[in-house]
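# Structural features, examined
Residues per chain, in single letters:
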Amino acid sequence: MYPEYMRESLKKVDETRQRRLELEKSGKPVFPPMNADEREDVLNRFHPDYRPDARRKVRVGPNAGEELTTEVADILESHSRIRPELFDLARPDYETDLLIVGGGGAGCAAAIMAMQHGASSLISTKLRLGDANSMMSQGGMQAAVTPQDSPTTHYLDAMGGGHFDNKPDLVRAMTEDGPEVVKWLEEMGVVWDKNPDGSMYVLHGGGTSRKRMHSCRDYTGAIIMRTLMDEVRNHTEKITVLEFMPTVELLLDDKGRCAGGVLYNMETEEYFVVKAKAVLIATGGYGRLHIRGFDTTNHYGATGDGLVMAYRAGGKLMFMDSVQYHPTGSVFPEQIAGFLITEKIRGAGGQPLNKFGELFVFPREPRDVESSAFIRECLERHNGIRTPSGRWGVWLDSPLIEIIQGAGYLLKNFPAMVRQFIRYDIDITKEPMLVYPSLHYQNGGLEINDRCETNIPGLFVAGEASGGVHGRNRLMGNSVLDYNVFGRRAGIYAAEYVKSVSLGTLSLEHLNKFEAALKKAGVKTDRVAPVLLPSYTPEEVRRRQHTAHYEGTLR
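Residues numbered from 1 in each chain as written. Predicted model: local features only at pLDDT ≥ 70, side-chain atom pairs only at ≥ 80, totals over all residues. Heavy atoms only, no water.

A few words on the state of the cysteines. For the structure shown, the criterion picks out 0 disulfides. Cysteine 258 takes part in no disulfide bond, and the closest cysteine sulfur, belonging to cysteine 452, lies 14 Å away. For cysteine 258, a relative accessible area of 0% puts it in the buried group. (Disulfide = S-S within 2.5 Å. Buried < 20%, exposed > 50% of the residue type's maximum accessible area, 1.4 Å probe, protein only.)

Below is the structure:
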């Protein structure tokens, strides 16, 4: 339950609710949406990306000289976990058509489509199959299927949300494939929310001009991921899954083509070599790097591993100066700090309020603008609510939804949310949630074309590890569509590619070249990557840990 000192602020939320309800009923915006200048101002002054220390130049690799998010530049300028000379690449432990690095939504979709186009796959995943951000998405998936909507309108919304920095060919592929993805998932077993007449039930998301958010209550990611996993598990003759065996480096052949990877068994600490005619990076994002010190909505394994491996091999990155912070991450109870409060809550009528119970921003601004407005309200205007541990937050008035939509609406449409909070004696049908921006999404990634190809022949990328689809800000629901669209495309085009590939001699020489580049650039670090799993060891404990770990003493 909420501490006693918050009761005065909660009382003000109750007192202003009737007036705000009348605003909602009027059909007009409950708070004036920002114009372009106002959005630019709040972003420049309050978005974490714009802090002086948020970016620095990376000194080595394909993007050398470019300013990237500081924590990303740090992991790119790191040492490999392995010593290339210890590996006999002439005797691989596994051979396959397609090595898929990552067992989330994009990886599973790719394996399914590759199988249907005649290619075998091996999925290498650091945790269990499906342990991914794909499983955790709540609010829904955008796709233009209603008579009032179109892929063209969806395209324009996505481009505007990304500040028109998106790669147009990728946005076109995503939005035009959207309706087919809805149908494909339903045919495999996804049960979409529907209206009584059988039509799709859709809601607004931030930055959208049409209602196009498809959902499965607030278990959307879990339902889609379960469906994809079931299909993968049903085809063991064409799809091999290696759990707790992440890929830690890529292999190239003597013609510069991607030709497999080195896998690490996290239980036995053995390394294994996989020879593959093509490789798909589907490792997701980097939320567990806790950029700028923010709490995160991301799953435990989201440490940006695919970026590091591909970058050492010569893969080009784009938009790695941009991070997405979801406006509504939970800040209380503090046991679930960072837990995602889906944007669908605001789409259904939930309103963000300051400590006086007053609206201070239009509830459905694009995510970066909404997040910046929350930060401004707390840190500049001092109108936020302080938690016992010192975090700041604003109220998200969920009881208002019950009044607007009818009693029982939250339990029916947001059962996971209701159950998460009731564990801590907070009934969100009667009390608001306390929220603050939480590190949510990796806007940038490895540059691809609409066939999911990179600048390295044989290396494909899909899902959050790719860059260019969302520009510098992603709209709600486009990530779920992204990993399905480009996961499918990667599987199809990789299967087409492997039919004509005859690999040459396998090599890890690119690791030696990268190490030489670090030395030449004067980079001095004991950092080893891929990170694989984040460390939450307190600094005072870490100072007493003097054991020399193998990976940390390679160089």
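So that's the structure; there's more coming.
Glancing now at the packing of helix H6 (residues 151-161) against helix H7 (residues 168-188). Running from amino to carboxyl end, H6 crosses H7 at an angle of 135°, the nearest separation of the two axes being 9 Å. Our classification of the angle between H6 and H7 gives oblique. In this structure, H6 crosses over H7, and the sense of that crossing is right-handed. Residue-level inspection shows Pro151, His154, Tyr155, Ala158 and Met159 of H6 in contact with H7, the latter providing Pro168, Val171, Arg172, Met174, Thr175 and Glu176. (Axes fitted to C-alpha atoms, helices over the stretch in contact; angles between N-to-C directions. Helix = DSSP H or I, 4+ residues; strand = E, 2+ residues; numbered from the N terminus. Parallel < 35°, antiparallel > 145°, perpendicular 65-115°, else oblique. Left-handed = near helix turned anticlockwise from the far one by under 90°. Contact = heavy atoms within 4.5 Å.)

For a regular strand, side-chain orientation follows a simple rule: the groups alternate between the two sheet faces. Within strand S4 (residues 121-125), 5 of the 5 residues are buried, which leaves the element mostly enclosed by the surrounding structure. Of the two faces of S4, both are covered, the one formed by Ser121, Ile123 and Thr125 as well as the one formed by Leu122 and Ser124. Bridge analysis of strand S3 (residues 94-101) against S4 gives 4 bridges, and the strand direction is parallel. Among the inter-strand pairings, isoleucine 100 is bridged to a residue of S4, identified as isoleucine 123. Traced from S3 through helix H4 (residues 105-116) to S4, the parallel crossover comes out right-handed. (Pairing = 2+ DSSP bridges. Right-handed = clockwise from strand over helix to strand, strands pointing away.)

It is worth spelling out helix H9 (residues 305-312) at this point. With 8 of its 8 residues buried, H9 lies for the most part within the structure. Asp305, Gly306, Leu307, Val308, Met309, Ala310, Tyr311 and Arg312 are the residues of H9 that are buried. Phi turns positive, to about 110°, at glycine 314, one or two residues after H9.

Turning next to the sheet that holds strand S19 (residues 466-467). On the basis of which strands lie adjacent, the open sheet formed by 3 strands has the order S11-S17-S19 and mixed pairing. A strand with exactly one partner marks an edge of an open sheet, and here the two such strands are strand S11 (317-318) and S19. Here S11 runs beside strand S17 (residues 445-447); their pairing, made up of 2 bridges, is antiparallel. Following the sheet pairing, methionine 318 is matched in S17 by glycine 445. The strands that H9 touches are S11 and S17; relative to S17, the one it contacts most, it runs at about 40°.

Evaluated as defined, the whole model comprises 40 salt bridges. For the salt bridge of glutamate 447 with lysine 167, the shortest nitrogen-to-oxygen distance reads 3.4 Å. In this pair, glutamate 447 sits in strand S17 while lysine 167 sits in the loop between H6 and H7, placing the two residues 280 residues apart along the sequence. On the accessibility criterion, glutamate 447 (28% relative accessible area) is partly exposed. Among the ionic pairs, aspartate 321 bridges to arginine 472, the shortest N-O distance being 3.2 Å. Of the two residues, aspartate 321 sits in the loop between S11 and strand S12 (323-332) while arginine 472 sits in the loop between S19 and helix H15 (478-498), which places them 151 residues apart along the sequence. Residue classification places arginine 472 among the partly exposed positions, given a relative accessible area of 29%. Connected through salt bridges with shared partners, the residues Asp14, Arg17, Arg20 and Asp397 form a single ionic network. (Salt bridge = Lys/Arg side-chain N within 4 Å of Asp/Glu carboxyl O.)

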